[in-house]
Structures are given as C-alpha cells and as structure tokens.
Amino acid sequence: MHRFAYLALAALGCSAAYAGPSTPVILISVDTLRADHLSCYQAGRRQTPHIDALAKNGTLFSQVSTPFPLTLPAHVALFTSTYPFANGVMDNGVPLQSRAVTLATVLKSAGYRTAAFVGSFVLDRRFGLSRGFDVYDGPFDLHNKIASGASERKRPGTQVAEAAIGWLDGNSSAPFFLFLHLYDLHQPYDLPQDPSQRHGETGYTAELAYVDRVLGDFLAFLEKRQLLQKALIVFASDHGEGLGGHGESTHGYFIYQSTLHVPLIFHWPAASRRIAQDRVDEPTTLLDVAPTILEAIGVPRPGEMRGRSLIGAGGAEEVYSESVYARNHFGCATLRSLRAGRYKYIEAPKPELYDLASDPNELRNICEQQRSKAAALGARIAAVRASSPSGRAGKAHSPTPETAEALRSLGYLSGSTNSSRAEPHVDPKDRIGPFEQYLGALGKSSAGRLAEAGGLLESLSDKLPDVVDIRFNLGLNQQRLGDPAQAAREFKRVIEMDPANAPAHFELGFCHFLLRQRDDAIQQLKAALALEP
C-alpha cells in the first residue's frame, strides 16, 4: 500500500502552483481503453510511448474502476461525480437532467474558458454534457441521408485533436479547461488501411497504436506552446473492452474487470512534480476525478459531488459499479458490484466473489467458500445505494428514432429501455451466448447481409420470446428487406409486450405509412410523440 503517495499528494494541496483557479486543465478520455493494454500498466505489452510519458511525469492510479461500463453513463459520472442510479443516466441515449452540476459548469463559473472536442455521437450535445462549455465540438449530422453508418457517428482521433489544437491556438493565454474525447478504440474498427497509419497491427491493437500517435502529436503541440509544463493533464478512460473475456466481446453486458478497470494518470504541472508520488495502488473510482481536479487548482467542490478528492485521501475505498444493460436489452437481472481492497463481490442471481490480488482475471468464484465476506459486501452495496440521493433513475426512457438508429450503427442495442417492468431473475451469465449471437446478427444487418441477419434474429426470437429488443430489431430488418407488412406484425408484438416503447410505435407508424394506411400511421406516430415528446 502506497501510504506515502497520499502524503505526497496532500503536499500538492499546499503547493503554490495550485494556490488559485488559474492552472490550465486538460482532461483526455480515450473511450474503451483497457488499463492492462497500456505498457505503463502491464509489463510486456506493446509500447504506448506517448501515454507512458504522461505516467513518467505524473501519478498513475493503478486500481481505478468505472461505475458503469457504457460511454454516456460513465462520462456523466466522470463529470458530475455522481452514481448513474442517482443522476438517472443508466444507458446511452438518455439525456442528463438540465439542473445537473458538472466539472465544466463549475470551472466556467470560476472564470475558465471551456471547450470540448468529442469523437462520437454517443456524447452528442443533445445528451447534456455540453452544459458549461463555451464550445462543444461534435459535428454529427443525423439528418444527412446520403451518408450512413458508423463512420458518420464517430470521427477519427486526428480530426478531434486538430480541432482542439485550433481552439487552443486562440484561447490558451487565459485559464482554460479542455476536454478531448477519442473514440477510435470503440467498435466498429475503421482505421484506414493506409500503411502509414498501421505498423503491422490489427483490430484493437492497431487502433490503440493509432490513438497513441494522435496523442503524441497533441502532446508535442502542448510542449511547443509550453502548456505541457503549465497544465494539469488528466488521462483516463470511461470503460474497458471484453475482448472475449468471460465470453463478452464488447462491453456493457457484464461488470468484470475487463470492462471496469480503467487507466487514470494525473500529469502535474512542472512545479509540483518533484513532490508527487509516481503510483497509487488503492482502489478508487472515476467519481473521484472531478473532486481531485477541483482541489488541485483551488476551486471549491460542489456539495452535489459524491466522489472524494485523492489529494490527501487515505485508507481503502469501497468502489461501487453496476450495469442495467443486460436488463434493459436482454431480459436479464441487474448487475451490481462492490470492491473493498482485494475482494470484489458481484450481486447477481448467481452471486460471485473474487480475490483480485490472486485472481485478477476473475476466474475462480469463491463465493461459496467465503459466504460471510460475500454477505458483508452485499450489505455494503445496499448501503451505498441508500446513501446517495436518487434522481430520475426510476423514469423509463426510450431514445428518439434517429438517436436509436445512430446508436445501432455504433454497435449498441437501442430498442426498449423501459425500466418499469418487473426485475428479471435471469442471470446474465446464462444468456451471454445468445447475446453474442445477437450482436453478430446486428453486425450482419449493418453490413447489408439482411437475409442472414433475419434468420438469426428469428431463431433467437423463438428461443428468447421475452426479449423485446430481438423482436424489435427483427422488425427493423424486415423493414429494410422491403416487407413492411411483416415488419408491422413484429412491431405490434413489441407493443403488446412493452406498450410504452416509443420507437416501436414510431416504426409501426412508418410501416403503416409505407402500406398507405394513413389513419393507422397517424395514430401510432401520435402515440410515439405522447410517450417521448
């Protein structure tokens, strides 16, 4: 345990470099980045030299978890320092409430110029994170009917970084807060085949090498402008990636360390580096990032923030995480976890307990052998939830049709997110195989292999008739195949199962329109508007 790390960080709180709200702040989020794929975190990994350089002149936090392994909920938690169950953003496409206090709103009130440059539609301004930013750069046009697919919902890291550099050129003379979000590691992988951008890597590894080079160019610009010496630079990720671990190829479905464990590096201004410890190994959470930034630069922390500052903190922290993704989209139970020191408990129909010190990949469930430990951690989950005021977590929400289509193009399920139904009792572990088949079917549909996708979706619908999203996407697939009558039958079944499903009403209305059933179309579109005005 690095007890002296906290003493060193405590000294930073008194450092002259942090005496007033004038230190530039740069927050970099590399979406979908597993900590153990960085060479500064895992020896033997392919080198990520530019990210590693941040760690060499900063503090690396080795045991950081995301509270929710999805892009929008994780970033909302990062900016608000509140749990998803409290702020109400528990899925992509769910907007943050307008009264929320964020890191950006606090820094803007403190006199900072603020700008964000985002790499994906998932963080589009319509979802609320733009609050507090003078500039929120995310040019995603959902109404462009010529272009379609994931390439129009994400943009390469080079473009994001160049836009950020352009803003810094005219705004770095005053105190500023810049948020840089890179989305290249997120599927679908679309790094150009240009050999100059690939060095023999493929897939996730190729995207990570590309991101490191993009950051290298960005950091070189900061150094040229002497901002690398002056600024507080915070490097993090929102969540990891399954990459096949526990049968999960992507993220959101499970809450194992493959998708919860994320990097966090604080690269301090030059004047403070001599007293900063290089590594902290106590468990912590992304909720602690905003309070730490605010304390480091001497700006008061709002009472709404639930995380703690890591400056001067001591002792172990309980780290809570959750996911309702499998519940919302695949008829499974909610997953919740609590980590205390080396132990991590997962609350599920078939509960799990792991000793992360001896079993970091969570391969040996010791819940039966240590029932008292499991019970104690389970009780702490209830206590954490009770201690944080609840926001809109109980409100059902369905994304708009255009939002749903954009999320589907990025590989996310986006049918029903109705949380008003009874809690399912199916353990997500028992449906990971069909879930991966379902992702494969959606991939085939996005690639234009509609007949193959339809066959897979029909087979899955027969096996899992309670899963609304399978039937919803079967209807969409039939719609694309030019069969609005059959698609309409599927959407009617969805509405029978989930009457508050606004996208299903909208798509049924569209089918009636194609079938020249004008009155029925108007009725369904009115229902969609009533549910999601």
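See the structure shown above.
Residues numbered from 1 in each chain as written. Predicted model: local features only at pLDDT ≥ 70, side-chain atom pairs only at ≥ 80, totals over all residues. Heavy atoms only, no water.

Some thoughts on the overall build of the chain
Under the convention used in this document: Helix numbering and strand numbering both begin at the N terminus, where a helix is a DSSP run of H or I of at least 4 residues and a strand a DSSP run of E of at least 2. For this analysis, residues touch if any pair of their heavy atoms sits within 4.5 Å. Reported accessibility uses the Shrake-Rupley method at a 1.4 Å probe radius. Residues are deemed covered only where the shown protein chains occlude them.
Counting its regular elements, the chain contains 19 helices and 13 strands. For the chain, the share of sequence-separated contacts (at least 6 apart) that also reach a separation of at least 24 residues comes to 69%. For the chain, the exposed surface amounts to about 20,400 Å²; the carbon and sulfur share of it is 52%.

A look at a nonpolar patch on the surface
Heads up, the condition is: Patches in this entry comprise residues that are over 30% relatively accessible and not in a salt bridge; like charges within 9 Å are linked, as are nonpolar side chains (Val, Leu, Ile, Met, Phe, Trp, Tyr) within 5 Å. Any carboxyl oxygen of Asp or Glu within 4 Å of a side-chain nitrogen of Lys or Arg constitutes a salt bridge here. Relative accessibility under 20% of the residue-type maximum defines a buried residue, over 50% an exposed one, and the middle range a partly exposed one, all with a 1.4 Å probe and only protein chains included.
Judged by side-chain polarity, Phe 506, Phe 510, Phe 513, Leu 514 and Leu 525 come together as a nonpolar surface patch covering roughly 450 Å² of accessible area. For the nonpolar patch, the leading source of residues is helix H18 (residues 502-514), giving four residues. Positionally, Phe 506 belongs in helix H18. You can call Phe 506 partly exposed: its relative accessible area is 31%.

Overview of the packing of aromatic side chains
Inclusion rule: Pairing of aromatic rings covers Phe, Tyr and Trp, the last through its six-membered ring, and needs centres within 6.5 Å; plane angles under 30 degrees mean stacked, over 60 mean edge-to-face, and all others mean tilted. As a reminder, the over-ring test applies to NZ of lysine and CZ of arginine, requiring each to be within 6 Å of the ring centre and within 35 degrees of the ring normal.
In this structure the tally under the stated criterion is 22 aromatic pairs. On the basis of an interplanar angle of 10 degrees and a centroid distance of 5.3 Å, the ring pair of Tyr 83 and Phe 85 is categorised as stacked. Residue placement shows Arg 385 over the ring face of Phe 85; its charged tip is 4.6 Å from the ring centre.

Points about the environment of Thr 202
Turning to its location among the elements, Thr 202 is positioned in the loop between strand S5 (176-182) and helix H7 (203-224). Note: C-alpha distance between Thr 202 and Tyr 189 (13 residues apart in sequence) is 9.3 Å.

Topic: helix H3 (residues 71-80)
When you tally the buried positions in H3, you get 10 out of 10 residues, the bulk of the element. Trailing H3 by a residue or two, Ser 81 shows a phi angle of about 55 degrees, which is positive.

Quick word on helix H2 (residues 49-56)
Condition: Starting at the helix axis, one direction is taken to each C-beta atom, and the arc is that of these directions.
Taken residue by residue, H2 has Ile 51, Asp 52, Leu 54 and Ala 55 as its buried positions. Around the axis of H2, the buried residues are gathered within 150 degrees of arc, so they sit on the same side. The elements touched by buried residues of H2 are strand S2 (58-65), H7, strand S6 (232-236) and strand S7 (261-267).

Section: the sheet that holds strand S10 (residues 318-323)
Where we set the bar: A pair of strands is treated as paired once DSSP finds two or more bridges between them. Note on definitions: angles span 0 to 180 degrees between N-to-C directions of axes, and those axes are lines fitted to C-alpha atoms, for helices only across the stretch in contact.
In space, the four strands of this open sheet follow the order S10-S11-S12-S13, with antiparallel pairing throughout. A single partner strand is all that each edge strand has here, and the edge strands are S10 and strand S13 (352-355). Strand-to-strand, the axes of this sheet are offset by a mean angle of 15 degrees, without reference to chain direction. Of the pairings in the sheet, the one linking S10 to strand S11 (residues 335-340) comprises six bridges and is antiparallel in character. Among the inter-strand pairings, Tyr 320 is bridged to a residue of S11, identified as Leu 338.

Overview of the environment of Val 101
Among the structural elements, Val 101 can be located in the loop between helix H4 (84-87) and helix H5 (103-109). For Val 101, a relative accessible area of 24% translates into the label partly exposed. The sequence separation of Val 101 and Gly 303 amounts to 202 residues, and the corresponding C-alpha distance is 9.6 Å.

Structural notes on the packing of helix H17 (residues 484-497) against H18
In plain terms, the rule: An angle below 35 degrees is treated as roughly parallel, one above 145 as roughly antiparallel, one from 65 to 115 as roughly perpendicular, and anything else as oblique. Put simply, a crossing is left-handed when the front helix is turned counterclockwise from the back one by less than a right angle, and right-handed when it is turned clockwise.
Where H17 meets H18, the closest approach of the two axes is 9 Å, and the angle between their N-to-C directions is 155 degrees. As the angle between them shows, H17 and H18 are arranged roughly antiparallel. Seen along the crossing, H17 lies across H18 with a hand that is left-handed. Of the residues in H18, those in contact with Pro 484, Ala 487, Ala 488, Phe 491, Lys 492, Val 494 and Ile 495 of H17 are Ala 504, His 505, Glu 507, Leu 508, Cys 511, His 512 and Leu 514.

Considering the packing of H18 against helix H19 (residues 518-531)
Two elements in contact, H18 and H19, have axes whose closest approach is 8 Å; the angle formed by their N-to-C orientations is 160 degrees. Classified by the angle between their axes, H18 and H19 sit roughly antiparallel to one another. The crossing of H18 and H19 is left-handed. In this structure, H18 contributes Ala 502, His 505, Phe 506, Leu 508, Gly 509, His 512 and Phe 513 to the contact, and H19 contributes Asp 520, Ala 521, Gln 524, Leu 525, Ala 527, Ala 528 and Leu 531.

Quick word on the pairing of strand S3 (residues 113-117)
In terms of residue burial, S3 counts as a mostly covered element, since four of its five residues are buried. The pairing of S3 with S5 spans five bridges and is parallel. In the sheet register, Ala 116 faces S5, and the bridge partner there is Phe 179.

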